[in-house]
Amino acid sequence: MMPAMEGYWNQLRRTRVWKSVFRSGTGTSNLHRSQVVQQSIFLHLLAVKVRKRAISFRVTWYLGTLSTATFAILVITGIPLMLYYHPSAPQAYADMKDLQFVVTAGVFLRNLHRWSAHAMVLLVFAHMFKVFYRGAYRTPREFNWVVGVILLTLTLFLSYTGYLLPWDQLAFWAITVGSNLLSAVPLVGEKVRFLMLGGHTVNANALLRFYVLHCVILPAVAVMFLAIHFWRIRKDGGIHTGELKAAVKEDIPHA
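Residues numbered from 1 in each chain as written. Predicted model: local features only at pLDDT ≥ 70, side-chain atom pairs only at ≥ 80, totals over all residues. Heavy atoms only, no water.

A. Examining the overall build of the protein more closely. When helices and strands are counted, the protein shows 11 helices and zero strands. Reading the protein from its N terminus to its C terminus gives the helix and strand order α-α-α-α-α-α-α-α-α-α-α. Residue burial in the protein is summarised as follows: out of 255 residues, 32% are buried. For the protein, long-range pairs separated by at least 24 residues make up 68% of all intrachain contacts whose partners lie at least 6 apart in sequence. (Helix = DSSP H or I, 4+ residues; strand = E, 2+ residues; numbered from the N terminus. Buried < 20%, exposed > 50% of the residue type's maximum accessible area, 1.4 Å probe, protein only. Contact = heavy atoms within 4.5 Å.)

Here you go:
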């Protein structure tokens, strides 16, 4: 490696962003190489060491757990719903009516999926508010906070893409209004809207794209970031009250 490039590389590894993502650092020694292996999420989902306060019971500790539980319910109920659903414009609404009047326990299955989706959005927002209020986004947890923001965004996208699938009047006009709002974004709004809908209007192309996003792409990405999120929770631990007070004191300038 050229001296100039090596200098830039060393400067990058000393930045706060790099140290937040790669907690053990990098190097050529046997210690650094072993740390890279031990802390790889693809090799070890659970950390070797776990801080006691990271798994201790707290009043709002279950917000993240409940958010994950609702996501699991959505996956479990979404798979059988896929068996009775065709992502085509004339058939999608008929499948929803069959789930309501023909399929055994179809109403219960669909409503459980729907209300779990609403609950997941509420719980994820509450979890993010709690983390922000307690200051758990501070060093060394900045990277996990960013992962949490990505998971919040994915949750909203999952809710939005699933809204069109019943293919009724409420779903059609809700997505129409939302896509029109997106088209108002300067420069890229029209292009992003065309890419999202597969055309200029909400039609069969939009239904198919939303179905693939809702059932395949977004859940797969969410599972990947959930694994990273849980792994970093085990590595970083939760924030303690004393640690929070110390962090706040550091931000207050002394006279």
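B. Focus on the packing of aromatic side chains. Overall, the coordinates contain eight aromatic pairs when judged by the stated rule. Ring centres of Tyr 137 and Trp 145 lie 5.8 Å apart, and the angle between their planes is 55°; this geometry places the pair in the tilted category. Grouped by ring-pair contacts, the aromatic residues Phe 132, Tyr 137 and Trp 145 constitute a single cluster. Across from the ring centre of Trp 115, 5.5 Å away, lies the NZ or CZ of Arg 114, which sits over that ring. (Phe/Tyr/Trp six-rings, centres within 6.5 Å; stacked < 30°, edge-to-face > 60°. Lys NZ or Arg CZ within 6 Å of the ring centre and 35° of its normal.)

C. Representation of the packing of helix α6 (residues 106–133) against helix α7 (residues 142–162). Viewed as axis vectors pointing N to C, α6 and α7 meet at an angle of 160°, and their least axial separation amounts to 10 Å. In terms of orientation, α6 lies roughly antiparallel with respect to α7. In this structure, α6 crosses over α7, and the sense of that crossing is left-handed. Across the interface between the two elements, Met 120, Val 121, Val 124, Phe 125, Met 128, Val 131 and Phe 132 of α6 pack against Trp 145, Gly 148, Val 149, Leu 152, Thr 155, Leu 156 and Ser 159 of α7. In terms of residue class, the contact of α6 with α7 is made up of 11 nonpolar, three polar and no charged. (Axes fitted to C-alpha atoms, helices over the stretch in contact; angles between N-to-C directions. Parallel < 35°, antiparallel > 145°, perpendicular 65-115°, else oblique. Left-handed = near helix turned anticlockwise from the far one by under 90°. Nonpolar A, V, L, I, M, F, W, Y, C, P; charged D, E, K, R; others polar.)

D. Expanded view of unusual backbone geometry. Phi at Ala 105 is positive, roughly 60°, even though this residue is not glycine. Along the chain, Ala 105 falls in the loop between α5 (89–101) and α6. We classify Ala 105 as partly exposed; its relative accessible area is 49%.

E. Focus on the side chain of Thr 155. Tracing the backbone shows Thr 155 in helix α7. With a relative accessible area of 6%, Thr 155 lands in the buried category.

F. Region of the structure containing helix α10 (residues 204–236). End to end, α10 covers 46 Å across 33 residues, agreeing with the expected 48 Å (1.5 Å per residue, within 8%). Along α10, the largest kink reaches about 45° and is centred on Leu 213. Its side-chain oxygen at 3.1 Å from the backbone nitrogen of Asn 205, Asn 203 defines the N-terminal cap of α10. (Expected span 1.5 Å × (residues − 1). Bend = angle between axes of the 7 residues up to and from the residue. Polar contact = N/O pair within 3.5 Å; in protein donor to acceptor, adjacent residues only side chain to side chain.)

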